[in-house]
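# Analysis of the macromolecular model
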Amino acid sequence: MYWEKDLEIMPREELVKLQRERLHKTILQAAKTPFYRKQFAKLHITPESIQTLEDLQNLPFTTKEDLRQGFPFKFLAVPLEEVVRLHSSSGTTGVPTVIYHSAEDLDRWTNQVARCLYMVGVRKTDVFQNMMSYGLFTGGLGMHYGAERLGALTIPIGAGNSKRQIWFLQFFKTTAAHILPSYALLLANLIKSEGLDPKKDLNLRIMLIGAEPHSEETRQRIEELYGAKAYNSYGLSEMNGPGVAFECPYQNGMHLWEDYYLLEIVNPQTGEPCASGEVGEIVLTTIYRDATPILRYRTRDLASFIDEPCPCGRTHRRISRIQGRSDDMFIVRGVNIFPIQVEKVLMGIPEVGTNYRIVLEREDYRDVMRVEVEIKSELFLGDLQKLERLRERIQSELRSEILVTPEVSLVEPGTLPTQEGKAQRVLDQRKF
Ligand code: AMP
Ligand code: ZN
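This is a predicted model, so every value here is computed, not measured.

### Describing helix 2 (residues 12–30)
Here helix 2 is 19 residues long and its end C-alpha atoms lie 26 Å apart, about the 27 Å a rise of 1.5 Å per residue gives. Those residues of helix 2 that are buried lie in contact with helix 1 (5–8), helix 3 (34–42), helix 4 (53–56), strand 10 (261–266) and strand 11 (280–286).

Shown next, in the form of structure tokens:
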């Protein structure tokens, strides 16, 4: 059940001790980087003065903007010849952010991912199809090496090319897959259009879904469609990539591996720590990485602590699923809305298909929010009154969730645009 039992169920006091040791090394590493060396000097901080999480909290946050400004080498703590790989963020605009890894960093990350996979039941007897893109994006290579370390037959198929995905799923009787949740929904449609039933005609038993926000309802749908268990997998390239936090078999929030990171959740406005259960921004400090130490990184991802002990016995703190990003919230007529709220409502309605889009426009100085929803094809053959009733139901359920009444249009399956990478759900066409 455990990949590294001693570490996974380590009593909290010991875990805190281990964190201190690793934090100490990390601070020494950080002091070698141009960015933190300058910061420590400016604040008159010596590496010895930072021993605990509380001491660390005297330091400012590190932001994505800092990483950008630090491009290319200001966060590098080892000589370049010790670096064996780099990954870069998936941002499409502006200067990229770069994370460098030493051979040992990669080895640790691989182990971290193997730990996650083992936790949810992936074994060497599994056939693991990795449907995430390979390359600078960490989802591909990161998960790949973890699966290989476990000894699973790992298929580096990458993202897209659904026909080929389906062929591999069938031919190699794939039992475990790493897949974007939005793509898992789309792929199920394609599998059906080939005359196959994703539940009966495939062998998937474990799916790792992550890299983008998704709701509990989406997970349940995926589980139902494929007849498999779907586990939430959270990570970001600045903190390695996949493997940062992962659900255990109890599917009750994600364990964040505290032997790799120091975890804070803070109020995004004030930066003050959040109480248990309160939603705030995840802030992470790497404590098990040499080449690119990052202290108090503001992830922009919103979640809350879940503090009841987990029946699985693991002592690493749990966080809720990601509720959204502090920068993907949009405001309609003064009301703050996260795309995940819309998704939660839609995926809870059985007649709703697998794709949707939120379009924001401005008409006569007024915000208009339109939700375009693909519905199941058989409904289009049915009577119009039924369709109208469905439309009204979606509208009213959305209104109670988001407190704004959106326009709702129902469209046939396959009509809304799809993306190869992470789904883009919001099209904001407003000009302010
Ligand atoms: P990247 O660094 O390009 O891999 O993107 C990382 C970002 O993807 C995170 O900061 C999150 O916003 C998002 N993300 C990754 N995993 C999840 C997940 N399981 N649930 C929600 N969002 C996620
Ligand atoms: Zn657990």
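### Considerations on the layout of surface pockets
Empty space within the second largest pocket amounts to approximately 440 Å³. Along the wall of the second largest pocket there are 20 residues; nearest its centre are Lys192, Arg221, Leu225, Pro350 and Lys376. Elements with a contribution of two residues or more to the lining of the second largest pocket: helix 9 (181–193), helix 10 (216–226), strand 18 (352–363), strand 19 (366–375) and helix 12 (377–381). Here the lining of the second largest pocket takes five residues from helix 10, the largest share from any one element. Across the lining of the second largest pocket, the residue classes break down as six nonpolar, seven polar and seven charged.

### Observations concerning the pattern of salt bridges
According to the stated counting rule, one finds 31 salt bridges in the structure shown. The salt bridge involving arginine 108 is made with glutamate 104; its shortest N-O contact spans 2.9 Å. With a gap of four residues between them, arginine 108 and glutamate 104 both fall in helix 6 (residues 103–119), about one helical turn apart. Classification of arginine 108 as buried rests on a relative accessible area of 12%. You can call glutamate 104 partly exposed: its relative accessible area is 45%. A salt bridge links lysine 344 to glutamate 401; the shortest N-O distance between them is 3.4 Å. Taken together, the positions of lysine 344 in helix 11 (residues 339–347) and glutamate 401 in helix 13 (residues 384–402) put the pair 57 residues apart, joining distant regions of the chain.

### So, the coordination of the zinc ion (ligand 2)
Tetrahedral coordination by four donors sets the ideal angle at the metal to 109.5 degrees; octahedral coordination by six donors sets it to 90 or 180 degrees. Listed as protein donors to the zinc ion (ligand 2) are Cys248 (SG), His255 (NE2), Cys310 (SG) and Cys312 (SG); their distances from the metal cover 2.1 to 2.3 Å. Around the zinc ion (ligand 2), the four donor atoms are arranged such that angles at the metal cover 101 to 116°; this shape is classified as tetrahedral. Along the chain, the residues that donate to the zinc ion (ligand 2) are spaced as C-x6-H-x54-C-x1-C. The class of histidine 255 is buried, set by a relative accessible area of 0%.

### What to know about the sheet that holds strand 18
Taking strand neighbours across the sheet as the criterion, the four strands line up as 20-19-18-21 in an open arrangement whose pairing is mixed. Edge strands, defined here as strands with exactly one partner in the open sheet, are strand 20 (407–411) and strand 21 (426–428). Taken over all neighbouring pairs, the strand axes of this sheet differ in orientation by 20° on average, direction set aside. Here strand 19 runs beside strand 20; their pairing, made up of five bridges, is parallel. Bridging across to strand 20, arginine 370 finds its partner in glutamate 407. Contacts between helix 11 and the sheet are confined to strand 18, strand 19 and strand 21, with strand 18 contributing the most and set at about 140° to the helix. In this fold helix 13 packs onto strand 18, strand 19 and strand 20, with an angle of close to 135° to the strand it touches most, strand 20.

### Things to note about the environment of histidine 178
Relative to the assigned elements, histidine 178 resides in strand 5 (residues 176–179). Accessibility expressed as a relative area gives 2% for histidine 178, which makes it buried. Residues histidine 178 and glutamate 217 lie 39 residues apart in sequence; the distance between their C-alpha atoms is 19 Å. Beyond its immediate sequence surroundings of up to four residues, histidine 178 is in contact with Phe128, Gln129, Asn130, Met131, Met132, Gly139, Met143 and Leu208. A polar contact is formed between the side chain of histidine 178 and the side chain of asparagine 130, at a distance of 2.9 Å.

### As for helix 7 (residues 138–150)
In this model, helix 7 (13 residues) spans 18 Å end to end at C-alpha, consistent with the 18 Å of a helix rising 1.5 Å per residue. Looking at helix 7, one finds that the buried residues are Thr138, Gly139, Gly140, Gly142, Met143, His144, Gly146, Ala147 and Leu150. After helix 7 finishes, the residue glycine 151 shows a positive phi value of roughly 95°.

### Looking at the side chain of asparagine 232
Structurally, asparagine 232 can be placed in strand 7 (residues 229–234). Contacts of asparagine 232, omitting those with residues within four sequence positions, involve Ile209, His214, Arg219, Ala245, Phe246, Glu247, Met254 and Arg321.

### Some details on the domain arrangement of the protein chain
Assigned domains of the protein chain: these are domain 1 (1–326) and domain 2 (330–428). Each of domain 1 and domain 2 was reduced to a C-alpha centroid, and the two centroids are 30 Å apart. With 21 residues of domain 1 in contact, the opposing surface of domain 2 contributes 19 residues. In terms of surface lost to domain 2, no three residues of domain 1 exceed Leu186, Glu217 and Arg221, which account for 33% of the buried area on that side. Seen at the junction of domain 1 and domain 2, the total is zero salt bridges. Those elements that place two or more of their residues in the side of domain 1 that touches domain 2 are helix 9, helix 10 and strand 15 (324–325). For the side of domain 1 that touches domain 2, the leading source of residues is helix 9, giving four residues. Of the residues in the side of domain 1 that touches domain 2, the class split is nine nonpolar, eight polar and four charged.

### Examining the nonpolar core
The biggest cluster of nonpolar side chains holds 60 residues, and the ones touching the most others in it are Leu117, Leu208, Tyr234, Leu284 and Ile319. The greatest single-element share of this core, amounting to eight residues, is contributed by helix 6. In this structure, tyrosine 234 is in contact with Gly241, Gly243, Val244, Ala245, Met254, Ile282, Thr299, Asp301, Ile319 and Ile322, ignoring residues within four places of it in sequence. Among the nonpolar cores identified, the runner-up in size contains 50 residues, and Met347, Ile375, Ile394 and Ile402 belong to it.

### Points about the sheet that holds strand 7
Taken together, nine strands build an open sheet; the order of strands is 4-3-5-6-7-8-9-14-13 and the sheet is mixed. The sheet is open, and its two borders are formed by strand 4 (153–155) and strand 13 (305–306), each paired with just one other strand. Here strand 5 runs beside strand 6 (residues 206–210); their pairing, made up of four bridges, is parallel. Looking at the pairing, alanine 176 lines up with isoleucine 206 of strand 6. This element, helix 6, spans strand 3 (127–130), strand 6, strand 8 (245–247) and strand 9 (254–256) of the sheet and lies at about 10° to strand 8.

Calculation rules
Residues numbered from 1 in each chain as written. Chains lettered and ligands numbered in written order. Predicted model: local features only at pLDDT ≥ 70, side-chain atom pairs only at ≥ 80, totals over all residues. Heavy atoms only, no water. Helix = DSSP H or I, 4+ residues; strand = E, 2+ residues; numbered from the N terminus. Expected span 1.5 Å × (residues − 1). Contact = heavy atoms within 4.5 Å. 1 Å grid on protein atoms, 1.4 Å probe; cavity = no way out; pocket = protein on both sides within 12 Å on 5 of 7 lines; lining within 4 Å. Points joined across faces, edges and corners; volume = space filled by probe spheres on them. Nonpolar A, V, L, I, M, F, W, Y, C, P; charged D, E, K, R; others polar. Salt bridge = Lys/Arg side-chain N within 4 Å of Asp/Glu carboxyl O. Buried < 20%, exposed > 50% of the residue type's maximum accessible area, 1.4 Å probe, protein only. Donors = N, O, S within 2.8 Å, 3.2 Å for Na, K, Ca; no water. Tetrahedral: all angles 85-135°; square planar, octahedral: opposite > 155°, others 65-115°. Pairing = 2+ DSSP bridges. Axes fitted to C-alpha atoms, helices over the stretch in contact; angles between N-to-C directions. Polar contact = N/O pair within 3.5 Å; in protein donor to acceptor, adjacent residues only side chain to side chain. Domains from an automatic or database assignment. Buried area = accessible area lost by both parts, 1.4 Å probe. Core = buried A, V, L, I, M, F, W, Y, C linked by side-chain atoms within 4.5 Å.

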